[in-house]
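Structural overview for review
Listed below are the residues making up each chain.
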Amino acid sequence: LPLFLSFNLVAIALEEEIIVSKLGDNATLSCIYQGRKLPLKNLRVYWQIADDPEECSVVHALISGQDNESEQCIHFKNRTQLFWDRLESGNFSLLLLNVSQSDERTYKCVVLQKTEYNKVIHQAEVVLSLGASYSQPILSGPIRNSDSTGEEVTFSCRSGNGYPEPNVYWINKTDNSRLPPSELEITPHADGTYSVFSTLKVKATSNMQIECSVENKILQENLSANYTQLKQSDGSGTESHKNLEKNGRGAQAAGIISIVILMGLLAVLTCWLWRRRSSKLVSY
C-alpha cells in the first residue's frame, strides 16, 4: 500500500465544494485548514481521487514541505501545482492545469500532522464539473409564399463545440409555449465536445415567431436564435420585405440626387468653357 494510506483515521468534518471550470482552463481545487498554524515540516498533504482511489491514489503529495512525485499518477504528471505563497497560512489548494473530461471527478484533500503517528487534522472534498460553451445557434426558417398559411413548414437549428450534452427547446414566442421537436440529433466529437441539430415542423400562420434555445446547465448558459415573420397590413408580405422595400427606395432616391448633382456640375463646367472661349474671340 502507498505510504500515505497508513495513517490513523479520526472523525473529521468533511467539507465539500463544487467547482465549475471550462474545458482547457486551469481549475483550483480548494483545501483550506483554518486551525492553528503548524510548521510545514510536520505536515503531510495528499490529494487523491475520492470516487475511485484505486484508479489514482495520489494526485499530488506534499511531504515535510516538499513536493513528492514518487507515487503521483501519470495522468497528473506536470499538471498539478500548490500555491507556495499560501501554504504557511494553511491554504493547501491545488491548481490543476488544462482540465479535460477525464478530470471530471471528486477529489479529496487530506492534511496530516506528524507526531508519534499520522493524525488527520483536515479533510476536504471537491467535485470538479466541466463545461464548454456552445456556439451561437443558427436557426433556418422556411421560405414562404404569401398564401402558405396553414401549410406545414420546417425549421432547423444547429449549434456545436459544447459540453456536456445540451437541452434544446423550441418556443412559440407569440404565447411562450414550448413546442416538441420533430428531430433531435446530438453528435459527439473526438475532442469530447458535442454538436446538436434539431428540426421543428409546424403549421404556418400569418404571424410566426419561433425561437430555438440551446441550454448548457453546467455553465448556466442559454443561447437562442429567433425567427420572426409578420404579415403586412395589406396581407401581401412580411416585415422583412418592408425593410427591403424601404432600403430600396432610399437607395433609388440617393441615386437620383447623385445624377442631379453631376448634371449641375457638367452645366457649370460647360458654361465656364463657353465664356472663356467667347472672351478669347472678342480679344482677337
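Residues numbered from 1 in each chain as written. Predicted model: local features only at pLDDT ≥ 70, side-chain atom pairs only at ≥ 80, totals over all residues. Heavy atoms only, no water.

1. Focus on the side chain of serine 156
Positionally, serine 156 belongs in strand β11 (residues 152-162). Those residues in contact with serine 156 that sit more than four places away from it in its chain are Ile138, Leu139, Ser140, Trp170, Phe197, Ser198 and Thr199. (Helix = DSSP H or I, 4+ residues; strand = E, 2+ residues; numbered from the N terminus. Contact = heavy atoms within 4.5 Å.)

2. Re the sheet that holds strand β6 (residues 80-82)
Strand order in the open sheet made by the 3 strands is β2-β7-β6, with antiparallel pairing throughout. Across the chains shown, the open sheet's two edge strands, defined by having one partner strand only, are β2 (27-29) and β6. This sheet shows a mean twist of 25° between the axes of neighbouring strands, independent of strand direction. Both β2 and strand β7 (residues 94-96) contribute to a ladder of 3 bridges, which runs antiparallel. Each bridged residue has a counterpart across the sheet, and for alanine 27 the counterpart in β7 is leucine 96. (Pairing = 2+ DSSP bridges. Axes fitted to C-alpha atoms, helices over the stretch in contact; angles between N-to-C directions.)

3. Quick look at the nonpolar core
Counting 35 residues, the largest nonpolar core has Trp47, Val59, Phe76, Phe92, Tyr107 and Leu128 as its most contacted members. Listing elements by their share of this core, those giving two or more residues are β2, β3 (43-49), β7, β8 (106-114) and β9 (118-131). For this core, the leading source of residues is β9, giving 5 residues. Here this core spans two domains, since at least three of its residues come from each of domain 1 (16-131) and domain 2 (135-228). Setting aside residues no more than four positions away along its own chain, tyrosine 107 makes contact with Leu29, Trp47, Gln48, Ile49, Ala50, Val59, Phe76, Leu96, Ala124, Glu125, Val126 and Leu128. By size, the runner-up hydrophobic cluster in this structure holds 15 residues, among which are Phe155, Cys157, Leu200 and Met208. (Core = buried A, V, L, I, M, F, W, Y, C linked by side-chain atoms within 4.5 Å. Buried < 20%, exposed > 50% of the residue type's maximum accessible area, 1.4 Å probe, protein only. Domains from an automatic or database assignment.)

4. Description of the pattern of salt bridges
For the structure on display, the rule yields 4 salt bridges. Residue arginine 79 pairs with aspartate 103 through a salt bridge whose shortest N-O separation is 2.5 Å. Here aspartate 103 lies in the loop between β7 and β8 and arginine 79 lies in the loop between β5 (66-67) and β6, a separation of 24 residues in the sequence. Of the two residues, arginine 79 and aspartate 103, both sit in the buried class. Between lysine 173 and glutamate 211 there is a salt bridge, with the nearest N and O atoms lying 3.8 Å from each other. With lysine 173 in the loop between β12 (167-172) and β13 (177-179) and glutamate 211 in strand β16 (residues 208-216), this pair connects stretches of sequence that are 38 residues apart. (Salt bridge = Lys/Arg side-chain N within 4 Å of Asp/Glu carboxyl O.)

5. Quick word on empty space enclosed by the protein
The full count for this structure, using the stated rule, is 1 cavity of 30 Å³ or more. Each pocket or cavity is described by its volume, and for the largest cavity that value is around 60 Å³. Forming the walls of the largest cavity are Tyr33, Gly35, Arg36, Lys37, Leu38, Leu43, Leu87, Glu88, Ser89, Gly90 and Phe92. Its residues placed into classes, the lining of the largest cavity shows 5 nonpolar, 3 polar and 3 charged. (1 Å grid on protein atoms, 1.4 Å probe; cavity = no way out; pocket = protein on both sides within 12 Å on 5 of 7 lines; lining within 4 Å. Points joined across faces, edges and corners; volume = space filled by probe spheres on them. Nonpolar A, V, L, I, M, F, W, Y, C, P; charged D, E, K, R; others polar.)

6. A closer look at a nonpolar patch on the surface
Where nonpolar side chains cluster on the molecular surface, the patch consists of Ile18, Val20 and Ile218 and spans about 250 Å² of accessible area. Considering the arrangement of structural elements, one finds isoleucine 218 in the loop between β16 and β17 (221-229). (Patch = residues over 30% accessible without salt bridge, like charges linked within 9 Å, V, L, I, M, F, W, Y side chains within 5 Å. Areas by Shrake-Rupley, 256 points an atom, 1.4 Å probe, with all protein chains shown as cover.)

7. Focus: the side chain of serine 129
By the element assignment, serine 129 lies in strand β9. Residue serine 129 is classed as buried on the basis of its relative accessible area of 14%.

8. Things to note about unusual backbone geometry
In this structure, proline 164 follows tyrosine 163 across a cis peptide bond, with omega equal to -5°. The phi angle at asparagine 176 is positive, at roughly 60°, despite the residue not being glycine. Here asparagine 176 shows up in the loop between β12 and β13. Residue classification places asparagine 176 among the exposed residues on the basis of a relative accessible area of 54%.

9. Digging into the environment of isoleucine 121
Among the secondary structure elements, isoleucine 121 is positioned in strand β9. Under the relative-accessibility criterion, isoleucine 121 is labelled buried at 14%. Each C-alpha atom, one on isoleucine 121 and one on valine 110, is 8.0 Å from the other, the two residues being 11 residues apart in sequence.

10. Details of the packing of aromatic side chains
Inspection of every chain in the model, using the stated rule, returns 3 aromatic pairs. Summarising the aromatic geometry, the rings of phenylalanine 76 and tyrosine 107 are spaced 6.3 Å apart at their centres and angled 80° between planes, so their arrangement reads as edge-to-face. Of this pair, phenylalanine 76 sits in the loop between β5 and β6 while tyrosine 107 sits in strand β8, and the two are 31 residues apart along the sequence. Note on phenylalanine 76: relative accessible area 3%, which makes it buried. (Phe/Tyr/Trp six-rings, centres within 6.5 Å; stacked < 30°, edge-to-face > 60°.)

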